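Each chain is listed here by its residues.
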Amino acid sequence: MNPTSTAQAAAAQSAAAHAPAAGPTAAAQVLPPPPLLSARGLSRRFGPGCDLCIELTGDAGATSRCPACGTVVAVHDVSFDVGAGEVLGIVGESGSGKTTLLSLLHLDTPADAGSMVVDGYGDLLRSRTSDAELRRSAVVMVHQNSLAAGLAPRLAAESNVAERLLRTGCRSFAEARARSQDLLAELGIHPSRHTDPLETFSGGMAQRVQLARALVNPPRVLLLDEPTTGLDPSVQADLLESVQRVTDRLGSATVVVSHDLEVIRILADRVLVIHFGRVVEDGIPEQVFDDPQHPYTQLLVASRLR
Ligand SMILES: Nc1ncnc2c1ncn2[C@@H]1O[C@H](COP(=O)(O)OP(=O)(O)OP(=O)(O)O)[C@@H](O)[C@H]1O
């Protein structure tokens, strides 16, 4: 979907490694750009923990709850990179740890271990700046439910979008309004609806407003939590097409979580399959969905086809 997908980056890296020695210009042309988001060893448990938690959970124990102490190992040792304009899809069944992983990335839940380096911001998990300030500028989440996501139902759609711009440094109302209107239109909201209160919008339209609000001041990292849940299939397809177009243009690093493999197949450049809080498979969508290697991924894919 974009030139910085991991498969292409890996191919470029391999080409660079095997090419005859060349000058700095040639090297610069084949090396992929550094990732915008680099997560390493992200881990989070709920409970007191004990020495056996890791050994007795995951594939080995077929559970994420430690039988010795009852602790839930919700996310364990998850690592990935996401480049500019790249979309990483995370799939897994209910309880596999997707929401916990997103809330670690959104700094809502503190990690027990790991790092999350965002280009230009360093390791956000160790930053001294306040979480709220970092979140506003660097990492933005689009939630499943737009009204639960802090949007104001009685406010005009364009005001919901402009408010983020004004909160993140824009001082001109006219500019905030114009930029909000442009993005709403790009995301498929007709100009005649821009001043209507959000509460008069359908679920799919409200999701677009939430997306416009997230992207009007482009974040380094965009997190999408089940972006199409509850929407009609035709609305889903349309929304996914809008997401693709706008994320390509803005070049944020996007992480999308969904239990719907089709959503991930459409949107993602690369997929992580998560099971009992661990990554069990990682690859481009064609590899993961058409030739799954891990038994859990094989089950997921088979259940999707039934
Ligand atoms: N605050 C908490 N306290 C205790 N256990 C928790 C807490 N939050 C999550 N868990 C547990 O962590 C595990 C992972 O939960 P999580 O919500 O991340 O999964 P999920 O893949 O997002 O599921 P779903 O798709 O149903 O939302 C589950 O066993 C869950 O019960």
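Rules used in this analysis
Residues numbered from 1 in each chain as written. Predicted model: local features only at pLDDT ≥ 70, side-chain atom pairs only at ≥ 80, totals over all residues. Heavy atoms only, no water. Helix = DSSP H or I, 4+ residues; strand = E, 2+ residues; numbered from the N terminus. Contact = heavy atoms within 4.5 Å. Pairing = 2+ DSSP bridges. Axes fitted to C-alpha atoms, helices over the stretch in contact; angles between N-to-C directions. Disulfide = S-S within 2.5 Å. Buried < 20%, exposed > 50% of the residue type's maximum accessible area, 1.4 Å probe, protein only. Near = heavy atom within 4 Å. Polar contact = N/O pair within 3.5 Å; in protein donor to acceptor, adjacent residues only side chain to side chain. Areas by Shrake-Rupley, 256 points an atom, 1.4 Å probe, with all protein chains shown as cover. Nonpolar A, V, L, I, M, F, W, Y, C, P; charged D, E, K, R; others polar.

The protein carries the name ATP-binding cassette domain-containing protein in an unreviewed UniProt entry, which gives Brevibacterium daeguense as its organism.

Asker: Just to check I follow, could you spell out the environment of Val117 for this structure?
Answerer: The residue Val117 is located in strand S4 (residues 113-118) in this model. Placed 36 residues apart in sequence, Val117 and Asp81 show a C-alpha to C-alpha distance of 9.4 Å. Apart from residues lying up to four places away in sequence, Val117 is in contact with Leu36, Leu37, Ser38, Gly122 and Asp123.

Asker: Would you take a moment to explain the sheet that holds strand S2 (residues 72-82) for this structure?
Answerer: Strand pairing in a sheet relies on backbone hydrogen bonds, with the paired strands running either antiparallel or parallel. An order of S2-S1-S4-S5 is seen for the four strands of this open sheet, with the pairing classed as antiparallel. Every interior strand has two partners, whereas the edge strands, S2 and strand S5 (122-123), have only one. The pairing of strand S1 (residues 37-46) with S2 spans seven bridges and is antiparallel. Bridge assignment links Leu42 to a residue of S2, and that residue is Val78. Taken strand by strand, helix H4 (residues 98-105) contacts S1, S2 and S4, and its axis lies near 120 degrees from that of S1.

Asker: Can you help me understand the state of the cysteines in this one?
Answerer: Two cysteines form a disulfide when their sulfur atoms are joined by a covalent bond. Counted according to the given criterion, the structure contains zero disulfides. Left without a disulfide partner, Cys69 is nearest to the cysteine sulfur of Cys53, which lies 3.5 Å away. Assessed through its relative accessible area of 25%, Cys69 is described here as partly exposed.

Asker: When you look at the site of the ligand in this model, what are you seeing that I'm missing?
Answerer: Taken together, Phe46, Val72, Ala74, Glu93, Ser94, Gly95, Ser96, Gly97, Lys98, Thr99 and Thr100 make up the full set of residues adjacent to the ligand. Within the backbone of Glu93, an N or O atom sits 3.5 Å from an oxygen atom of the ligand. Contact distances for the ligand include 3.1 Å between an oxygen atom and a backbone N or O atom of Ser96. Taken by itself the ligand offers 630 Å² of open surface, and the protein chains cover 58% of this. Examining the composition of the shell around the ligand, we find that three residues originate from one element, H4, more than from any other. Grouping the constituent residues of the shell around the ligand by class yields three nonpolar, six polar and two charged.

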